[in-house]
Amino acid sequence: MKKPFSALAIGAVAALLLTSCSETAPEQNGQPAGEPASSYNVGIAMVLSGAQGDLGKNFVEYLTFGAEDASEEYGFDLNVKSEDALGTAEGGINALHKLVAEGNTPVIITAWSSVVKAMAASAADTGTAVINVAANSPDLAGASDHLANFFPLATVDIVALANYVATEEDKKKAAVLYIDNETGKGAAGAYTESFTAAGGEVVASEAIKPGSVDVSAQVAKVLAANPDTVHVHVLGESPVVFKALDEQKFDGLVTTYTSSGESIDERTASGTAMDGVLYSTLSSAEPSPVIEEIRIRYVEKFGEEPSGLSYAGYVYDSAFLYAEVIQRLIDRGAEVNGSNIIAELAAGKVFDLPVNGEVSFNADLTTTMPVSLRKISSASDHPSDDRIVATISK
Amino acid sequence: MSLLLQLGTTGLVLGLLYGLFAYGLSLIFATTGIFHFAHGLTIVAAAYAFWWVAVGLGLPVWLGILAALLLGAAVGAGAYQLVYRPLLKRKADHTVILVASLTVMTLGQGLLLLIFGTGPKAFPPGDFSRWGFALGPVNIRSWDILVVVSAGVILLALYLLQNKTSFGLALRAVGDNPRRAQTLGFSLTRTYLLAFVIGSLVAAIPGVLIAVQTPVIATLGFSLLLKSVVAIIIGGVGNLTGALYGGLLIGLAESISTFFLPAVWSEFVVFALLFIFIVLRPTGIRTNTARLA
């Protein structure tokens, strides 16, 4: 009885070895080299669970809308394959491997700095192009030669915000409250550098653990340093922070960034504690008809307002970016794979996109975009009704 | 100095929350011998129930509190009747019961995610939440007063229950010596169920208090559970007042440590404190001479 079993075992091992040693079939990336296909896969790895899950799901919808519209324009289908990146490095890596192995996606759209960073490290190994559409940690610049940061990093909007607060709002002492992860640390660093360079002083800086129930200790500590402005750079914790600032009667200028400022969930949860907050956004100062169309489409599909509209343009446009790259690769008879996609983005050519207009990538595969600063009159208003106080060009 | 006093006040309030939560867990353990990890699910379920009734349905706040208490009690009673009791009947090993408890917690969290979604659920701030006053250099919030008053009422009620009622007598008797208590006519099943219900009710109130102050997410329970376990070990396993003292101590340590260190180190300080107790006083602040001391 042992002999047939051992023959079976040897046969199974041999089969495994043969399949693993074979060259990656061109079909792994969707189509034979140089030949146009009728459809291409695009992966999206977002946080689909936990406190930020709703935002991630919105992003998947924005990409789906973009894929549908780009498919119509370019004549080939873009199939969206999504995975939950869990908001962690491990989750990001697992999502990347699943999308590559099972989804056959040569490109993955993603966000959340810790996820992007982790995926970037594995992207080159798998020959996958990773496109960041919402993470802004400055560390992401040049993190991998297979990572393209479509979304401007904190060195763009947070720097502009800090500079504005120091020079135009004439604030001299700032405190920073930031989420204890890559996103928060990077932004805190960028804010500190810019505020200091503009003549101000960062008098206190405290990290907030993700999922914190109470942050009154951190808030009390930074307020004890008597700042005249506080920058809040957290994720789902912003209602807790804004409430604590309000309860401790801070009457200086509170600033934040787009993720908190434009989140309907967080504005509702923060209530009046968020009134008067100034935030940076990378959405256009002029209302975009395409974004409005996305918003209407979302409301029609789900019966509720979407979140993260500031990011919608980047996520939606990433489908068109990918479609344009595919077209250019087809035109020159090249295979649509991760390495070629990145090479096309890095070539410095201009892409004309529906929301962001003409965009080109810098040498380090980052972009530079205009920044708007908006003030919340009432947190119960829709973010698009917030007053624009400044627009800072590229 | 004023900052230190402010942090101390914050720490006391937070510590009361942790202490209440730990008290409920300790009550269950002291009576039944079961480390009810799914206690973390109770607090989250109660928080969601409160939010759903008071905010989602727009009903009066007192109805939200009632819903939280009912659901909290149901979670505790359900865990006992459906999970622990069958396992105890089959004389399951404590490890199996522990794993079952963790499984209930995880499954419960998943169910809450399915029902309520991933977005945070917040109790909208109002005039009450902005009310506060200064007591010397210390700023006292309305929520601080709410926590202190609630804790006082609950602890008084528990004292009366345990010392002035037949229910309390049953809890103490069974917790002290289950076999002897059984021979004296106390029903183990009913007493265990009572322990789970009361322990869960004690956890449901912190759930409501947290929902008032913080957006509720399904994973909230686990970090609070971890702190209550630390509180129980520091306070003395199986000792109810010890659990309360343990909660107060870790609340104070967590808050006051931010005066000396960056806030991100506060959790490290709590676990360092736990380590010190394990090494120097493993029986905890209040040595447990009886299971319900």
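Fair warning: this is a prediction, and the values are worked out from it, not measured in the lab. Sequence order as written defines residue numbering, which begins from 1 separately in each chain. Here every chain gets a letter starting at A, and every ligand a number starting at 1, in the order they are written. Predicted model: local features are reported for residues with pLDDT of at least 70 only, side-chain atom pairs are reported and counted for 80 or more only, and whole-chain, interface and lining totals are derived from all residues.

Observations regarding the pairing of strand 10 (residues 278–281) of chain A
All names here are of chain A.
- Residues with at least 20 other C-beta atoms within 10 Å of their own are called buried, those with 12 or fewer are called exposed, and the rest are partly exposed. The C-beta atoms themselves are positioned from the backbone. Strands here mean DSSP runs of E at least two residues long; helices mean DSSP runs of H or I at least four residues long; both are numbered from the N terminus. With burial as the criterion, each face of strand 10 is covered, one bearing L278 and S280 and the other bearing Y279 and T281.
- Judged from the two bridges that link them, strand 9 (residues 253–256) and strand 10 form a sheet pairing that is parallel. When the sheet's bridge partners are listed, T256 is paired in strand 10 with Y279.
- Strands are treated as partners if at least two bridges between them are detected by DSSP. Bridge count for strand 10 against strand 13 (residues 371–375) is four bridges, and the pairing is antiparallel. Opposite S280, over in strand 13, you have L373 as the bridge partner.

Digging into the interface of chain A and chain B
- For every residue pair, C-beta atoms are placed from the backbone, and the pair is scored as a contact if these atoms sit within 7 Å. At the junction of the two partners, chain A supplies 31 residues and chain B supplies 30 residues.
- Elements supplying a minimum of two residues to the side of chain A that touches chain B: helix 2 (53–74), strand 7 (201–208), helix 7 (216–223), helix 8 (238–247) and helix 10 (264–270) of chain A.
- Basically, the charged four are Asp, Glu, Lys and Arg, the nonpolar ten are Ala, Val, Leu, Ile, Met, Phe, Trp, Tyr, Cys and Pro, and anything else, Gly included, counts as polar. Of the residues that constitute the side of chain A that touches chain B, the class distribution is ten nonpolar, eleven polar and ten charged.

Topic: the domain arrangement of chain A
Residue and element names in this part refer to chain A.
- Domain annotation of chain A identifies domain 1 (39–152 + 288–361) and domain 2 (155–281 + 372–392).
- Residue ranges assigned to the domains are those given by an automatic or database domain assignment. With centres defined by C-alpha atoms, the gap from domain 1 to domain 2 works out at 27 Å.
- At the interface, 17 residues of domain 1 touch 20 residues of domain 2.
- When the residues that make up the side of domain 1 that touches domain 2 are grouped by side-chain class, the tally is five nonpolar, eight polar and four charged.

What to know about the confidence of the model for chain B
Residues and elements named next belong to chain B.
- Across the chain, each position has a pLDDT score giving the predictor's confidence in that residue, from 0 to 100. Across chain B, the average pLDDT comes to 88, with 97% of residues at 70 or higher.
- When mean pLDDT is taken per element in chain B, helix 3 (residues 61–89) scores highest with 94 and helix 5 (residues 127–130) scores lowest with 70.
- In this model, residues 289–293 is a region of pLDDT below 50 whose contacts with residues beyond four sequence positions or in other chains number 15 contacts.
- The ipTM value of the predicted complex is 0.80, and its pTM value is 0.77.

A short note on the sheet that holds strand 10 of chain A
Residue and element names in this part refer to chain A.
- In spatial order, the strands read 7-6-8-9-10-13-14; together these seven strands make up an open sheet with mixed pairing. Either end of the sheet is taken by a strand with one partner, and the two such strands are strand 7 and strand 14 (387–392). Along the sheet, successive strands turn relative to each other by an average axial angle of 20°, direction set aside.
- Helix-sheet contacts for helix 5 (residues 154–167) involve strand 8 (229–233), strand 9, strand 10, strand 13 and strand 14, and the interaxial angle to strand 13 is about 55°.
- Whenever a helix is involved, its axis is fitted only over the stretch in contact; in every case the axis is a line through C-alpha atoms, and angles between N-to-C directions fall within 0 to 180 degrees. Each of strand 6 (173–179), strand 7 and strand 8 touches helix 6 (residues 182–197); the most contacted strand, strand 6, lies at about 170° to it.

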